[in-house]
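# Structural features, examined
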Amino acid sequence: MELPDFSMTIDGKSVAHIDDFDVINPSTGEAFAQAPDCDADQLDAAFDAAARAYGDWRTDLALRRETLNAAADAIVANAESLAQVLTLEQGRPVNQSVIELHASAAWFRYFAALDLPAEVIQDDATTYAEVTRKPIGVVAAITPWNFPLLLASWKLAPALLAGNTVVLKPSPYTPLATLALGAALRGVLPPGVLNVVSGRDPLGASMTEHPVPRKISFTGSIATGKRVAAAAAGDLKRVTLELGGNDPAILLDDIDPAAITEKLFQSAFGNNGQICSAIKRVYVHESRYDEVVEALTERVRAAVVGDGFLDGVELGPIQNAPQYERVSQLVASAISDGATATTGGRPMDRPGYFFEPTVLVGAADGTAIVDEEQFGPALPLIPFSRVEDVVAQANATNFGLGASVWGADTDRATSVATQLDSGSVWVNTHMAVAPNLPFGGAKWSGIGVENGPWGYAAFTELQLVLRAR
Ligand code: NAD
């Protein structure tokens, strides 16, 4: 396969680099390409270009809308080749990578059309007052390795619509599709409006400490998110932090296991469980526990795992070696603490970072597999008897991204759901995300939200305009 342009984009141009680093195909564990390691001068050049471009970009909303639609067209036009790169570096089946590309384009189109008129808050004999939204300036956007392009689009589309300019940095585990996206958009966005740089983790820290950006939009782990918040504080940069989750799903006694097994499987094992808001622990009413364990075990055992380029594959490898080690270790320690894998339970005996999709019973709250974010294909199922107890268990955590409650009586399920302390609660579904729905975490799962008018507002400064009469 012919690989696209993986150079960095600064001021609308491809830039040469001095150092680079290997990018690994997680299906083989072998390096298949190199990515540029941005140096300090190049980072300065990227921020300078963004600062220069801001002057004009912020002035013409109609042009910004038109450009965002053109960017969506370019993403769709390049969807097949970008999806191949995504699967090579991320591991997920290529048909799912294609979906990520089309979803990314949908995010650009949604924001291209989003209308946020000024709000008139007082209009009387003494005062006319309205609230308007202005861009913030240059945005530093930092993304993780699980959905590199979609999560970049969640930042780029609203940031650019609002009139900001951006320097974007993908994860060093998955830099290539994002670099290729930057190259694909060179002719679409005016120079400097979007700059794409890549490098090892310290580049992220250099971005958050840089004097030019006025806003940091970060998606990643809680540990790194706290470092980003600390770095931003000294300069009072605005931050949006989308961080880790340990989402519970609570299955009440009136569920129909046959009807929900596939949804549970997709919500917990999609992208191999490497989704911030995947189901990471399932609490099942004791009267239905055995049925749910049986149905989910059967579905998980049937999952087709393999190289993302092979037909019929549902789950690829774990994306990187440290994450593979972490999932292996979490599952091994759960089993040595008394849990049982009803299916899976081990790394697969083959090259690459493949792990058997795993269902665990007998793992209790207080053990790492239940209390921490596993971010991989291993799911603990825990029985409960009283709703008030399971609500307390679900809430007894610093995580607060999403949660779901499942049951035939949707009013009852909703009243349980609204007792859960998380940014989103879903009833009879999980992980429902769309461009128009706010998404963000309570507690340590984040600060602020992305998507919808709320996500747009996070890329603006509010301004009160008041005229005395
Ligand atoms: P990570 O925190 O290790 O890395 C995320 C990004 O931060 C990478 O680009 C990395 O290079 C960069 N980075 C590293 N050190 C930095 C520093 N000191 N300052 C600034 N940037 C730095 O996270 P990851 O392992 O890539 O991603 C997995 C985590 O992301 C999981 O916890 C997952 O739940 C979370 N996540 C959250 C969401 C959400 O929307 N809430 C979405 C996807 C993933």
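Refer to the preceding data block for the structure.
Let me begin by describing the structure that accompanies this report. (Residues numbered from 1 in each chain as written. Predicted model: local features only at pLDDT ≥ 70, side-chain atom pairs only at ≥ 80, totals over all residues. Heavy atoms only, no water.)

### Things to note about the site of the ligand
Note the threshold: Near, as used in this document, describes a residue that has one of its heavy atoms within 4 Å of the molecule or strand being considered. The definition of a polar contact used here is a pair of N or O atoms within 3.5 Å, where within protein one atom must be able to donate a hydrogen and the other to accept one, and adjacent residues in sequence count solely through side-chain atom pairs. Surface accessibility follows the Shrake-Rupley procedure with a 1.4 Å probe radius. Residue values consider only the protein chains on display as shielding. A run of H or I in DSSP counts as a helix once it spans at least four residues, and a run of E counts as a strand once it spans at least two, with each numbered from the N terminus.
Around the ligand, the surrounding shell holds 29 residues, and the nearest of these are Thr143, Asp201, Ser221, Leu243 and Glu373. Contact between the ligand and Trp145: an oxygen atom at 2.9 Å from a side-chain N or O atom of the residue. The backbone of Gly220 places a nitrogen or oxygen atom 3.1 Å from an oxygen atom of the ligand. Contact with the protein chains covers 91% of the free accessible surface of the ligand, which is 850 Å². Listing elements by their share of the shell around the ligand, those giving two or more residues are helix H7 (201–209), strand S10 (215–219) and helix H8 (222–233). In terms of residues, the shell around the ligand owes the most to one element, H7, which gives four residues.

### Comments concerning the pattern of salt bridges
Pairs can form between side chains of opposite charge whenever their charged atoms are close. Our working rule: For this analysis, a salt bridge means a side-chain nitrogen from Lys or Arg found within 4 Å of a carboxyl oxygen belonging to Asp or Glu. Using a 1.4 Å probe on the protein chains alone, a residue whose accessible area is under 20% of its type maximum counts as buried, one over 50% counts as exposed, and one in between counts as partly exposed.
Under the definition given, this model contains 22 salt bridges. Between Arg386 and Glu388 there is a salt bridge; the shortest N-O distance is 3.5 Å. Taking the shortest distance from any N to any O, the salt bridge between Asp389 and Arg386 comes out at 3.0 Å. Accessibility expressed as a relative area gives 34% for Asp389, which makes it partly exposed. One salt-bridge network, in which partners are shared between bridges, spans Asp11, Lys13 and Arg52.

### Observations concerning the packing of aromatic side chains
Let me state the cut-off plainly: Between 30 and 60 degrees the pair is tilted, below 30 it is stacked and above 60 it is edge-to-face, where a pair is any two Phe, Tyr or Trp rings, Trp via its six-membered ring, whose centres lie within 6.5 Å.
Counted by the stated rule, this structure contains six aromatic pairs. On the numbers, 5.4 Å between centres and 75 degrees between planes, the contact of Trp154 with Phe439 is edge-to-face. Of this pair, Trp154 sits in helix H5 (residues 148–161) while Phe439 sits in strand S19 (residues 439–440), and the two are 285 residues apart along the sequence. A residue is classified by how much of its surface remains accessible, and Trp154, at 4% relative accessible area, is buried. Under the relative-accessibility criterion, Phe439 is labelled buried at 4%.

### Section: the sheet that holds strand S6 (residues 127–135)
The criterion, for reference: Should DSSP find at least two bridges between two strands, the strands are regarded as paired. Angles shown run from 0 to 180 degrees and are taken between the N-to-C directions of axes, each axis being a line fitted to C-alpha atoms and, for helices, limited to the stretch in contact.
Strand order in the open sheet formed by three strands is S5-S6-S22, with antiparallel pairing between adjacent strands. Each of the sheet's edge strands pairs with one partner strand only, and the pair in question is strand S5 (119–123) and strand S22 (460–468). Taking the axes of each pair of neighbouring strands and ignoring which way they run, one obtains an average angle of 20 degrees across the sheet. Across nine bridges, S6 lies against S22 in antiparallel orientation. The partner of Val131 across the bridge, within S22, is Leu464.

### Things to note about H8
Every α-helix winds through 3.6 residues per turn, so residues three or four apart in the chain are directed the same way. Short version of the rule: Multiplying one less than the number of residues by 1.5 Å gives the expected span of a helix. This arc describes the spread of directions from the helix axis toward the C-beta atoms.
If you check H8, its first and last C-alpha atoms are 16 Å apart, about what 12 residues at 1.5 Å a residue would give, namely 16 Å. Of the residues making up H8, those classed as buried are Ile222, Gly225, Val228 and Ala232. Down the axis of H8, the buried set is contained in an arc of 110 degrees. They therefore lie on one face. The exposed set on the far side of H8, more than 90 degrees from its buried face, consists of Arg227 and Ala230.

### Considering the pairing of S5
As judged from the four bridges shared by S5 and S6, these two strands associate in the antiparallel manner. Bridge pairing in S6 places Val120 opposite Glu130. The hairpin formed by S5 and S6 contains three residues between the paired strands.

### A look at unusual backbone geometry
Of note in this structure, Met431 is not a glycine but carries a positive phi near 65 degrees. Secondary-structure assignment places Met431 in the loop between strand S18 (424–427) and S19. Positive phi values are uncommon outside glycine, yet Asn451 reaches one of about 80 degrees. Looking at where Asn451 falls in the secondary structure, it is placed in the loop between strand S21 (449–450) and helix H15 (452–457). Residue Asn451 is classed as buried on the basis of its relative accessible area, which comes to 1%.

### Structural notes on a nonpolar patch on the surface
The criterion, for reference: Within the patch definition used here, like charges are joined within 9 Å and nonpolar side chains (Val, Leu, Ile, Met, Phe, Trp, Tyr) within 5 Å, considering only residues with over 30% relative accessible area and no salt bridge.
A contiguous nonpolar patch, built from Met1, Leu3 and Phe309 and spanning about 270 Å² of accessible area, is present on the exposed surface. Classification of Phe309 as partly exposed rests on a relative accessible area of 31%.

### Brief notes about the nonpolar core
Put simply, the rule is: Only buried residues count toward a nonpolar core. Its members are Ala, Val, Leu, Ile, Met, Phe, Trp, Tyr and Cys residues joined through side-chain atoms within 4.5 Å. Contacts: residue pairs with any heavy atoms within 4.5 Å of one another.
Membership of the largest hydrophobic core comes to 82 residues, with the highest contact counts inside it found for Val166 and Val197. Those residues within four positions of Val166 in sequence are excluded, and the remaining contacts are Ala50, Val139, Ala141, Leu156, Ala159, Leu160, Val193, Leu194 and Asn195. Of all hydrophobic cores here, the second largest spans 28 residues; its members include Tyr324, Leu330, Ile382 and Val416.

### What to know about helix H9 (residues 257–269)
When the terminal C-alpha atoms of H9 are compared, their 17 Å separation across 13 residues agrees well with the 18 Å that a helix rising 1.5 Å per residue should span. Restricting attention to buried positions, one finds in H9 the residues Pro257, Ile260, Thr261, Leu264, Phe265, Ser267, Ala268 and Phe269. Residues of H9 that are buried in the fold lie against strand S12 (247–251), strand S13 (279–285), helix H10 (289–302), strand S15 (358–361), strand S16 (378–384) and strand S17 (402–406). Positive phi appears at Asn271, one or two residues downstream of H9, with a value of about 55 degrees.

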